Amino acid sequence: MAKIIAISNQKGGVGKTTTAVNLAACLGASEKTTLLIDADPQGNATSGVAIDKSKIQFSTYDVLVEGVKAEQCVLTTPYANLHVLPAGISLAAAELEIADIPHRESLLKNAILPIKQYYDYIIIDCPPSLGLITANALTLADSFIVPIQCEYYALEGLSQLMSTVRRIKRQYNNSIELEGVLLTMYDGRLNLTQQVVQEVKKFFPGKVFKTVIPRGVRLSEAPSFGMPVIYYDKSCKGSAAYTELAKEIISKERN
């Protein structure tokens, strides 16, 4: 039965989609059957695994709004053991359209539960907001990862996210836990980076992943080719980092 992990931070530009795509691909490459759910209207996770958004028949929008079964929407990708539930710009309208539906926070959960048994991991790329789509992702998830960039204001707004998670835990999903905090855009040569690391460790004691994600040209280039970084350049630092992150997550399941 799948472990379901949401990748969430309402701040944009923190490496959320990069993490969702590359973690999912690395889990797949580790022989774990993995589903990547694109829950961001920008659909970058979808194009990041070589799916042409203009040719999608059904998407996350159809699951949430039209009640289409998830198994009808899931697509295979060119990458090992990796499937995707795609998204496109239509998802931007979903929040308004489901606002008055009873049990609206559980729509995604109800759709995914019938296919959960087919996967080892389900990774959800959340939108950069704390609206209904993120609430659906957190209601479904067993745990969540918070990517935090090693820059000024790294912790800004995180109290809102943690407050949202507490509300979800109280009302809809009492078993959700913080999987870990992931430091992204890491450059160990900078004093600022070290300051941010210390600040984040103080804010989330014992919950910061050992693996850090470095800045890297190859990591930035890979999405434009529709490729996770391990398939774009297996020898680069970004590939090594996300491979280590996947190992860290898999090893936690064994403990």
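All values derive from a computational prediction rather than experimental measurement.

K.L.:
Can you explain the side chain of Thr 46? Please cite residues and give values.
P.N.:
For Thr 46, the location among the structural elements is in helix α2 (residues 44–47). Of the polar contacts made by the side chain of Thr 46, one reaches the backbone nitrogen of Ala 87; its length is 2.9 Å. The residues touching Thr 46, leaving out its near neighbours within four places in the chain, are Asp 38, Ile 51, Lys 53, Ile 56, Pro 86 and Ala 87.

K.L.:
If you had to explain the layout of surface pockets to someone new, which residues and values would you point to?
P.N.:
Its volume calculated, the largest pocket comes out at about 240 Å³. The set of elements that each furnish at least two residues to the lining of the largest pocket consists of β7 (177–186), β8 (208–214) and α10 (217–221). Its residues placed into classes, the lining of the largest pocket shows six nonpolar, five polar and one charged.

K.L.:
Just give me the short version of the side chain of Thr 134, but keep the residues and values in it.
P.N.:
Mapped onto the elements, Thr 134 comes out in helix α7 (residues 132–140). By relative accessible area, Thr 134 is classed as buried at 1%. Here Ser 129 takes part through its backbone oxygen, which lies 2.8 Å from a polar atom of the side chain of Thr 134. The contacts of Thr 134, once residues within four sequence positions are left out, are Ser 8, Cys 126, Pro 127 and Ser 129.

K.L.:
Describe helix α9 (residues 191–203), naming the residues involved and giving the relevant values.
P.N.:
Taking 1.5 Å as the rise per residue, α9 with 13 residues should run 18 Å; its terminal C-alpha atoms sit 19 Å apart, in good agreement. Those residues of α9 lying buried are Thr 193, Val 196, Val 197 and Val 200. Down the axis of α9, the buried set is contained in an arc of 105 degrees. They therefore lie on one face. For α9, exposure combined with an orientation more than 90 degrees from the buried face picks out Asn 191, Gln 195 and Lys 202. Where α9 is buried, its residues contact β6 (143–149), β7 and β8.

K.L.:
Describe the environment of Gly 206, with residues and values.
P.N.:
Relative to the helices and strands, Gly 206 resides in the loop between α9 and β8. Gly 206 sits 26 residues away from Gly 180 along the chain, and the two C-alpha atoms are 8.6 Å apart.

K.L.:
Tell me what's going on with the packing of α7 against helix α8 (residues 158–171), and back it up with residues and numbers.
P.N.:
As a packed pair, α7 and α8 sit with axes 10 Å apart at the nearest point and diverge in direction by 55 degrees. Between α7 and α8, the crossing angle belongs to the class labelled oblique. In this structure, the crossing between α7 and α8 has a hand that is right-handed. Seen from α7, the contacting residues are Ala 135, Leu 138 and Thr 139; seen from α8, they are Thr 164, Val 165 and Ile 168.

Reading the values: the criteria
Throughout this description, residue numbers start from 1 for each chain and increase along the sequence as written. For a predicted model such as this one, the threshold for reporting local features is a pLDDT of at least 70, and the threshold for listing and counting side-chain atom pairs is 80 or more; totals across whole chains, interfaces and linings nevertheless cover every residue. For the side-chain quantities, the full set of heavy atoms in the structure was used; hydrogens and water were omitted. Secondary structure is summarised from DSSP: a helix means a run of H or I of at least four residues, a strand means a run of E of at least two, and numbering begins at the N terminus for each. Definition of a polar contact: a pair of N or O atoms within 3.5 Å, with one able to donate and the other able to accept a hydrogen when the atoms are protein atoms, and with sequence-neighbouring residues admitted only if both atoms are side-chain atoms. Every residue pair with non-hydrogen atoms within 4.5 Å of one another is taken to be in contact. Computed over the protein atoms alone on a 1 Å grid, cavities are sets of points where a 1.4 Å probe fits but cannot get out and pockets are open sets with protein on both sides within 12 Å along at least five of seven lines; a residue lines them when it has an atom within 4 Å of a point. Grid points are joined across faces, edges and corners, and a volume is the space filled by probe spheres set on the points. When residue character is reported, Ala, Val, Leu, Ile, Met, Phe, Trp, Tyr, Cys and Pro are called nonpolar, Asp, Glu, Lys and Arg charged, and the others, Gly included, polar. Note on exposure labels: buried denotes an accessible area under 20% of the residue type's maximum, exposed denotes more than 50%, and partly exposed covers the range between, all computed with a 1.4 Å probe on protein chains only. In this analysis, the expected span of each helix is defined as 1.5 Å times one less than the number of residues it contains. Here, the arc refers to the directions that run from the helix axis to the C-beta atoms. Simply put, an axis is a line fit to the C-alpha atoms, just over the touching stretch for a helix, and the angle between two N-to-C directions goes from 0 to 180 degrees. Small angles under 35 degrees read as roughly parallel and large ones over 145 as roughly antiparallel, with 65 to 115 read as roughly perpendicular and the rest as oblique. Working rule for handedness: look at the near helix, and if it is turned counterclockwise from the far one by less than a right angle, call the crossing left-handed; if clockwise, right-handed.

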